[in-house]
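As a plain string of letters, each chain reads:
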Amino acid sequence: MMKFAWDNYKRYAWGKNELRPLTRNGHTGNMFGGLRGASIVDSLDTLYIMGLMEEYEEAKEWIQNNLDLNSNGEASLFEVNIRYVGGLLSAYYLTGAEIFKQKVMELGEKLLPAFNTPTGIPRGVINLGSGTSSLSPSGYHVSIGGLGDSFYEYLIKSYLMSEKTDQEAQKMYYRAMEAIETNLVQKSPGGLTYVAEWRGGILDHKMGHLACFSGGMIGIGADDGPAGQRQHYLDLAAEITHTCHESYSRSATKLGPEAFRFDAGAEATANRLSDRYYILRPEVIESYMYMWRLTHNPKYREWGWEAVEALEKHCRVDAGFSGIRDVYASTVSHDNMQQSFFLSETLKYLYLLFSDDDLLPLEDWVFNTEAHPLPVIRKRCLQEHGTMQDDGQTNLE
Ligand code: DMJ
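Heads up: these notes are all about the structure in this document. The structure presented is a predicted model; accordingly, all values stated were derived computationally and were not measured. (Residues numbered from 1 in each chain as written. Predicted model: local features only at pLDDT ≥ 70, side-chain atom pairs only at ≥ 80, totals over all residues. Heavy atoms only, no water.)

A few points about the pattern of salt bridges
Defined as follows: Whenever Lys or Arg places a side-chain nitrogen within 4 Å of a carboxyl oxygen from Asp or Glu, that contact is recorded as a salt bridge. Only DSSP runs of H or I with at least four residues qualify as helices, and only runs of E with at least two residues qualify as strands; both kinds are numbered from the N terminus onward. The rule is simple: take the accessible area with a 1.4 Å probe, protein chains only, and divide by the maximum for that residue type; under 20% is buried, over 50% is exposed, in between is partly exposed.
Per the counting criterion, the structure on display carries 14 salt bridges. Its salt-bridge partner being Glu79, residue Arg83 comes within 2.9 Å of it at the nearest N-O pair. Linking Arg83 with Glu79, this pair stays in helix H4 (residues 77–95), spanning four residues, or about one helical turn. With respect to burial, Arg83 and Glu79 carry one shared label: buried. Across the pair Arg276 and Asp326 runs a salt bridge whose closest N-O atoms are separated by 3.7 Å. In this pair, Arg276 is assigned in the loop between helix H9 (227–249) and helix H10 (283–295) and Asp326 in the loop between strand S11 (320–321) and helix H12 (340–353), connecting sequence segments 50 residues apart. Each of Glu18, Glu79, Arg83 and Glu370 takes part in salt bridges that share partners, so that together they form one network.

Focus on the site of the ligand
Rules: If even one non-hydrogen atom of a residue comes within 4 Å of a molecule or strand, that residue is called near it. We call two N or O atoms a polar contact when they sit within 3.5 Å, provided that within protein one can donate a hydrogen and the other can accept it, with sequence-adjacent residues counted only if both atoms are side-chain atoms. For the accessible areas, the method is Shrake-Rupley and the probe is 1.4 Å, while residue cover comes only from the protein chains on display. For this classification, the nonpolar set comprises Ala, Val, Leu, Ile, Met, Phe, Trp, Tyr, Cys and Pro, the charged set comprises Asp, Glu, Lys and Arg, and every other residue, Gly included, is treated as polar.
All residues in the neighbourhood of the ligand are listed as Phe78, Ile82, Arg83, Arg281, Pro282, Glu283, Phe341, Glu345, Thr369 and Glu370. In the model, an oxygen atom of the ligand is placed 2.6 Å from a nitrogen or oxygen of the Arg281 side chain. Protein contact buries 90% of the 290 Å² of open area that the ligand shows by itself. Residue composition of the shell around the ligand, by class: four nonpolar, one polar and five charged.

Structure representation (structure tokens):
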């Protein structure tokens, strides 16, 4: 599937941001501030992990010769960070190729002005040419996920070190989990567990949008916790992942809608037309992968395989993979877009779901929100290999 998606991107959209498989061309989009080749940067680590070395080499060569970071346009800090910074960083850590480090340092410098705010919380939009940043004139905003994620990338990129000890970090995790559980975790009348959405300060009890993001995340956090609470949060993660699977299995295509609800007798299904699309997103499959690694319950691989079959049946078209407009329609209508996160995330998580645990072990690698693996840097490693400074920052050699 990866080779098919890549070959068609290469054939019809090389150097553009994403492939339009029905019209057999590419688009440059506008959220990357004029940067090009999003699918190439997003795919580097997937190609490498899958051993598609010829394809990886052509991607690397494109980065070396054609990735122009001197574009001049408004970019979403979040999207550039998760796809370009994350993609280049993980390619550097996986392969050691200097070109990726060089490019990510250069790009990182260009994004830094967005962090120059009184709070240190970055502005959501940055003009890559002028360096001016703004809150959200184009509708881009900083989400909590985006904020957390950008800090993680910058933490590594800048070789900074978190001052938190493992125990403090654990406490923070459980405080956050308690808050989520108390305020957001809901049980539907039909017995499905989900995480309700929080919008602008109002809890929407009927919305299960965040559920699929949360399944694997809660599981992976719980796995590191003290024995007393570990099982509780693993069970919660399993219940939420079950709900996500239900949202897939209750559709005609066996792919899930963008958002699902729990009202008017509907359970884990989208009753609004505008929620019924599926754009090749990874979150549910991502949760299967984490839950497989944490429990080795074969049902997660079975569910992943159901997703593979559905993708092959409904999303594969002659020149790539496409999203679909209504998961409940048995005759599908394609949206003509092969999202770069399909190559970066959906296919990578599927590959990992069916691989041995020692391929990118979760003790050593953490995936950013675009599925780019970054190394877990432990305080002990930093002390052994770096020079501790008085302010707690560390210079790694
Ligand atoms: C990806 O770009 C990332 O997973 C992001 O965090 C959310 N949107 C897409 C996938 O759904």
